[in-house]
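Descriptive structure summary
Read off the chains here:
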Amino acid sequence: MLFFTFPVFSQVVKTPFPVTNLAWSKNDEFFAFTEENTVFLRSCSNYELSDTLGIKNIDKIMFSTEGKHQILLAITKDGYFSVWNIDSAEDGFLKFNKEPYFKLDCKNESEIKAVTFSKNSDYVAVASDDNSIKLFFKLRFTKDAIFKELKGHDSEIYSLNFSKNENFLASTAKDGTAIIWNCNSLSEILKLSEIYTQTEIPVQFLADNSSIIAPENETSFCIYNLEGEKLLSIDTLHKIKGIKPLNKENKIAIVTENDEIELYDLSKEKWLGYIPSYDFSPLTDFEFNPDNSRILIGYESGSIFEFFVKDVLLSPGQKPPKKFRSAENYGELNSKGGTGSSSRGWGITNGTFKTRHGKYLCISLNLRSAPSPYNLSAGFSTEFLTYDLLPPFYTGICVSPYIGFPESNYPYKYTKNSTSLETPLLAGLDLCAPFGIFIMPFVNNEIGFSAEIFAGTGVCLLWNRNFGAESAASKPFISFNFGTKLGINWKYFLLNVAAQWNSVQKIMISTELGANFKIGEKK
């Protein structure tokens, strides 16, 4: 089928459940994502599912290394921490060891309010409802841990975060205080107040391990050093849903209320640009690969997109395509199956895949070849298409009336009721059902490409150029037809080339020029 000839380069994973966590491996060869009780491991090269791991009530995952081995760190909301080896199987896939080589049960009699672990799994921190923190240090040789209780907060702690070098722990409480703890001396080294807590965005460390980022109000954030000196304050002009430091350099990513990801270079005090939302549902997590060149974005709908950042980062002031400024339009890809059966999706050109969503009406003029003794036929097509069932695929119905014009040396003569007829025209009507795919491979313009197959029926007869009861110069001929069509769209305009076989008129080639309009789109 001709519509399967489009090149597919970028990948989208579609799952039947909300994505809760995303993580890149340290060697950049695979990534993991989670729903509430399962971790899924996929290859970055072909996006095939390598393995799954059942962990109930997952709060956070992260990849790390132990010598030459890749490991997965996981912690649950109820304080169960585990470290899992990842091995290569004989079939080339990666597999989780089904038993963790290290595990730690951090539960106690108090209710757990926040949990986290450090980059290399040396530390685990658990905040309880008595406003205390238990800081666990992993003893690698005995596969056990010791802990120290940290006290200093007067209200409920809602977040814990380690610095990347594991030297410091930041805890944030609902009364607007944040404490920076020294993990080696187990002492409090800094206490910040007036942290904005309504969105419960945590205080975190930047990649340099010596700077702290904290929300200031619903639209701004600030940077502190470890002495408590405010170094920088930036107003994003948008409500902030989340903040995430990048893996290298002093760059951060901000999630806005519109689920757009804004990037900032703090060392240059410069806004680098933003990544628009690529799904109709709320963004749930995003993660940059180790060198910050690629990004995974997960959504509540179960969609996961991978992009090269340079291909989707829009510069300040640059407007995204209209399709990404409306929640009605999205590039969701459907796959069927239960948990763990998500499929490889469609995409185009380094992750810049777009498609349509909704219902469209297409009206076009067409010219097509006609059987001898007719030169060609002219007509128009009215086509109703819907992308709601299985985007980027579409289906619909098309009605095409046409008139065929005879050759100048028309070889036949007709009489009707002893009256000579003028050379008759060929009149017809086709009715068909199309099924195709529509994709827009370029982020910054409205050019799209379509490919479809269609099948249907039709009727044609000779017409004596008069109207009324005596208009027909022949009996009607019923036909069946099928064919294929390729098209290019720019904004509202379309140009199509089609080839079809008709049981009466045989092979026909046609071209169409017209416009398409979204039905029900708000202006």
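Here's a quick rundown of the structure. Here the structure is a predicted model, which is why all the values come from computation and not from measurement.

1. A look at the sheet that holds strand E13 (residues 132-139)
Strand order in the open sheet formed by four strands is E11-E12-E13-E14, and the pairing between neighbours is antiparallel. Each edge of the open sheet carries a strand with a single partner, namely strand E11 (112-117) and strand E14 (144-151). Going across the sheet, the axis of each strand differs from the next one's by a mean of 20°, ignoring polarity. Where E11 lies against strand E12 (residues 123-128), five bridges are found, and the strand directions are antiparallel.

2. Notes on the environment of Lys244
You can see Lys244 is positioned in strand E23 (residues 240-245). For the pair Lys244 and Ile261, spaced 17 residues apart in the sequence, the C-alpha separation amounts to 10.0 Å. Among all residues touching Lys244, those that are not within four sequence positions of it are Gln204, Ile252, Ala253, Asp285, Phe286 and Glu287.

3. Regarding the pairing of strand E3 (residues 30-34)
Burial analysis of E3 places five of its five residues in the buried class, the great majority of the element. Side-chain alternation along E3 places Phe30, Ala32 and Thr34 on one buried face and Phe31 and Phe33 on a second face that is also buried. With four bridges connecting them, strand E2 (residues 21-24) and E3 associate as antiparallel partners. Within the sheet, the bridge partner assigned to Ala23 lies in E3 and is Ala32. What sits between the antiparallel neighbours E2 and E3 is a turn of five residues, in which Asp28 has the positive phi angle 65°. With five bridges connecting them, E3 and strand E4 (residues 38-43) associate as antiparallel partners. The residue bridging Thr34 from the neighbouring strand is Val39, located in E4. Hairpin connection between E3 and E4: a loop of three residues separates the two successive antiparallel strands.

4. A look at the packing of aromatic side chains
Inspection of every chain in the model, using the stated rule, returns 27 aromatic pairs. Where Tyr278 meets Phe307, the ring centres are 4.6 Å apart and the plane angle is 45°; that geometry is what we call tilted. Remark: Phe307 occurs in strand E29 (residues 303-308) and Tyr278 occurs in the loop between strand E26 (270-275) and strand E27 (283-288); sequence separation between them is 29 residues. Look at Phe307 and you get buried, because its relative accessible area is 2%. One residue, Lys138, lies across the ring of Phe102, its end atom 5.0 Å from the ring centre.

5. Considerations on the nonpolar core
Ranked by size, the top nonpolar core spans 18 residues in total, and within it Ile261, Phe286, Phe288, Ile295 and Ile297 carry the most contacts. For this core, the secondary-structure elements that each account for two or more residues are strand E24 (251-256), strand E25 (261-265), E27, strand E28 (294-299), E29 and helix H1 (309-312). Not counting residues up to four positions away in its chain, the partners in contact with Ile295 are Trp24, Ile261, Ile275, Phe286, Glu287, Phe288, Phe305, Glu306, Phe307 and Val309. Among the nonpolar cores identified, the runner-up in size contains 16 residues, and Ala23, Ala32, Ile58 and Trp84 belong to it.

6. Re the side chain of Ser303
By secondary structure assignment, the location of Ser303 is in strand E29. Exposure remark for Ser303: the relative accessible area of 0% places this residue in the buried category. A polar contact of 3.3 Å, which involves the side chain of Ser303, links it to the side chain of Ser301.

7. Concerning unusual backbone geometry
Pro373 follows Ser372 through a cis peptide bond whose omega is 10°. Here Pro373 is to be found in the loop between strand E31 (359-369) and strand E32 (374-390). With phi around 70°, Glu166 is a residue other than glycine that occupies positive phi space. The topology assignment puts Glu166 in the loop between strand E15 (157-162) and strand E16 (168-173). A positive phi is found at Leu186, a non-glycine position, where the angle reads about 60°. On the secondary structure map, Leu186 appears in the loop between strand E17 (178-182) and strand E18 (187-192). The partly exposed category is assigned to Leu186, whose relative accessible area is 31%.

Scoring rules and cut-offs
- Residues numbered from 1 in each chain as written.
- Predicted model: local features only at pLDDT ≥ 70, side-chain atom pairs only at ≥ 80, totals over all residues.
- Heavy atoms only, no water.
- Pairing = 2+ DSSP bridges.
- Helix = DSSP H or I, 4+ residues; strand = E, 2+ residues; numbered from the N terminus.
- Axes fitted to C-alpha atoms, helices over the stretch in contact; angles between N-to-C directions.
- Contact = heavy atoms within 4.5 Å.
- Buried < 20%, exposed > 50% of the residue type's maximum accessible area, 1.4 Å probe, protein only.
- Phe/Tyr/Trp six-rings, centres within 6.5 Å; stacked < 30°, edge-to-face > 60°.
- Lys NZ or Arg CZ within 6 Å of the ring centre and 35° of its normal.
- Core = buried A, V, L, I, M, F, W, Y, C linked by side-chain atoms within 4.5 Å.
- Polar contact = N/O pair within 3.5 Å; in protein donor to acceptor, adjacent residues only side chain to side chain.

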